[in-house]
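Each chain, written out:
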Amino acid sequence: MADIATSRSGALPDDPYHLTPEGVREPPTGWGASLKHLGPGLILSASIVGSGELIATTTLGAQVGFALLWMVIFSTFVKVAVQVELARWTISTGQPALTGYNKVPPAVGRLGWVNLLWAIMALSKILQVGGVMGGTALAFSILLPLGGPPLGAVSLGIWTALLACVSIALLYSNNYSLIERGAVLLVVVFSFVTVAIALGLPFTPYPYAMDDLATGLALTIPAGAVGAAIAMFGITGVGADELTFYTYWCVEKGYARSVGPNDGSEAWKRRARGWISVMYKDAFLSWCIYTFSTIAFYIMGAAVLNRQGLVPAGNEMITTVSRMYTDTLGEWAGVLFLIGAIAVLGSTLWASIPSWSRMYVNLLAVMGAVDWHDTRQRTRWIRIFTVALPIVWGLAYMTVQSPVPMIQIGGVATGIFLLAAVVAVWYLRRSETDPDLYGGTAFNALLVVSSIAIVLLGLYTGANVLGIKLA
C-alpha cells in the first residue's frame, strides 16, 4: 500500500517529507557505520539540557536536597519508550507527530482533541521558553551589562532584544545540518564540565556521601515538594514537546525518506527495521547525555545550594545557581559559569526555535491553512514562525521577569499533555504501524510500564491543577 505522504504536488524532489523510490538508501549496521547518521537526538539533548537541567532540576535539588534523586532518574528514563514508539511510526510513514495526533478521534471540526490539548500546552510554553530566554539574558547582563547596571531593566531589555535578533538571523535558513552542528557545539562541552564538577564535589567544602545518594533513591516525596516534583517530571528528560518534535528531526535527518514509500514488500520492512535501529542508537545516545547532565545538576543543587538555604528565584536566579561553581571552585569560576550557562540555555533556544516553528506550521496544516506537502509554502511559514517566536518569547519574559516559575508552569502543562501523547502513540501503533516493525518483548514491556507511569502522573498532575486532593 502506497504511503499517504508520497506523490504530493508542490513537493521538491529532495523534500525529506516526500517519500519516493529515488530517495531509498540501505541502512547502516553497527554503531560505527551508524554514527554519521545520528543527530536528531543531539538536537533533542540541546533542548532538554537547558531549561530542565540547569534551572528546574537545580531548583528542585535546592528545595528538597537529595530526597528526589530517584524522581530525576525515573523522569529521564520512563518517557524514552514512548518517544521511540512515536518515532517508529514516523519513520515507517514519513509523517510528523501533529499529523498523527490529528487522527486520534474525536475531533472538533478539523482539529483532533490531542492537537487541541497541544495548542493549550503551546500557550504555556510561551512562558517556559520565555523563561529560558530570560535566563540567557540574565547571564549576558551579568557578564557584560549594556545600557545600565547588571540585571537592570535596561540591560535585560537590550540583551533580550539582541538574543531575539541574533537567534532569528542564525536560524532563518532552517538548514538541518546547521541546527544539528550548533546543538552539538552548545551542549556537549558544558555538560561534560558539569558532570566532572558533580563528581568532584566530595573533594570540596560541599561533599556528599553514599548515604545522601541512598536517601535520594528511597522512592519518597517530601512534604510540600509534590508540585515541584510534578513540574520536574514534566520538564526533565523527554517532555511532551520533545517527543513530539523529535519526529520532525527524524524525518529531516532522512530516516523516513531512506526507508521509502511502503509498498508492502519484505525489502521495505528490512529497510524500515534497519533505519529504526539507527533511531534506537540515536535515542540511546541522547538519553545518556541528558540523563547524566540531569543527575549532575540535581546533585550540585542538593549538595551546594540546599545546604546553604539558597533557592533560585526571580532575576537573581542565575547568580544563585552560579554559587554551585563559585562556592566550590572559587570566584574565578563565576565567569566560566556564565559562559557555560549561556551555552546551555542558548542550546535550548537554538533547538526550540526551529522545532516549535515546525510544530506550529504542522498545526496550521492539519487545520487546512497551510499545505504541508508544498515544500516552498511550508518553508516560508516555518521562517515566519522563526521570526515571530523569539519576539513573542522575549516579550513574555520582559512582562513576567521570573524565569523559574515561568519554566515550571510549562513543565506542569507538559506533564498533563504527556497523557494525551501516550494515547496518540498507542492509537497510531495499533492503526498505522506495521506489526512486523514492533519492538521486541523487552521493549514492549517497557512501553507498557512507561505508558502506565505517564498516565498516572498525568492524572495526578491534572487533579492537583483542579484542586482535587489525592491520597
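This text goes with the structure placed above it.
Below is a summary of the structure that appears in this document. (Residues numbered from 1 in each chain as written. Predicted model: local features only at pLDDT ≥ 70, side-chain atom pairs only at ≥ 80, totals over all residues. Heavy atoms only, no water.)

To continue, consider the packing of aromatic side chains. Using the criterion set out here, one finds 17 aromatic pairs in the structure. Members of the aromatic cluster, each reached through a chain of ring pairs, are W118, W356, Y360, W381 and F385. For the cation-ring pair, R378 lies above W372, with the distance from its terminal atom to the ring centre recorded as 5.3 Å. A cation over an aromatic ring shows up here: R429 above the ring of Y438, its NZ or CZ 3.9 Å from the ring centre. (Phe/Tyr/Trp six-rings, centres within 6.5 Å; stacked < 30°, edge-to-face > 60°. Lys NZ or Arg CZ within 6 Å of the ring centre and 35° of its normal.)

The end-to-end C-alpha distance of helix α13 (residues 266-305), which contains 40 residues, comes to 57 Å, matching closely the 58 Å that a straight helix rising 1.5 Å per residue would cover. Within α13, 30 of the 40 residues are buried, which leaves the element mostly enclosed by the surrounding structure. (Helix = DSSP H or I, 4+ residues; strand = E, 2+ residues; numbered from the N terminus. Expected span 1.5 Å × (residues − 1). Buried < 20%, exposed > 50% of the residue type's maximum accessible area, 1.4 Å probe, protein only.)

This brings us to the environment of G368. Structurally, the position occupied by G368 is in the loop between α15 (333-366) and α16 (375-400). The partly exposed category is assigned to G368, whose relative accessible area is 42%. Sequence-wise, G368 and R110 are 258 residues apart; in three dimensions their C-alpha atoms are separated by 7.7 Å.

In this structure, the amide linkage connecting P105 to the following residue, P106, adopts the cis form with an omega of 0°. Mapped onto the secondary structure, P106 falls in the loop between α5 (97-101) and β1 (107-108). Phi is positive for L151, close to 70°, though the residue is something other than glycine. Inspection of the secondary structure puts L151 in the loop between α6 (113-143) and α7 (153-171). For L151, a relative accessible area of 19% puts it in the buried group. Even without being a glycine, N174 presents a positive backbone phi close to 55°. Checked against the element boundaries, N174 lands in the loop between α7 and α8 (176-200). N174 sits in the buried class, given a relative accessible area of 10%.

Note: α-helices contain 3.6 residues per turn, so residues at a spacing of three or four share the same orientation. Across its 34 residues, α15 extends 49 Å between first and last C-alpha, which sits within 8% of the 50 Å expected from 1.5 Å per residue. Approximately 30° is the largest bend angle found in α15, and it occurs at S352, with the proline P354 only one to four residues beyond. Most of α15 is tucked away, with 30 of its 34 residues classed as buried. Of the residues flanking the end of α15, it is G368, one or two places downstream, whose phi is positive at about 90°. (Bend = angle between axes of the 7 residues up to and from the residue.)

Turning our attention to the side chain of S258. Positionally, S258 belongs in helix α12 (residues 255-259). At a separation of 2.8 Å, a polar atom in the side chain of S258 contacts the main-chain carbonyl oxygen of G254. Ignoring anything within four residues of it in the chain, the contact list for S258 reads G23, V24, R25, R271 and W275. (Polar contact = N/O pair within 3.5 Å; in protein donor to acceptor, adjacent residues only side chain to side chain. Contact = heavy atoms within 4.5 Å.)

When the charged atoms of two side chains lie near each other, side chains of opposite charge can form a pair. Taken as a whole, this structure holds 11 salt bridges when the rule is applied. Two residues, E432 and K103, come together in a salt bridge whose shortest N-O distance is 2.8 Å. Here the residue E432 occupies a position in the loop between α17 (403-431) and α18 (441-465), and K103 occupies one in the loop between α5 and β1, the gap between them amounting to 329 residues. Accessibility expressed as a relative area gives 30% for E432, which makes it partly exposed. For D241, the salt bridge identified is with K125, shortest N-O distance 3.0 Å. Residue D241 is found in helix α11 (residues 240-253), and its partner K125 is found in helix α6; the two are separated by 116 residues along the sequence. Accessibility expressed as a relative area gives 4% for D241, which makes it buried. For K125, a relative accessible area of 2% translates into the label buried. (Salt bridge = Lys/Arg side-chain N within 4 Å of Asp/Glu carboxyl O.)

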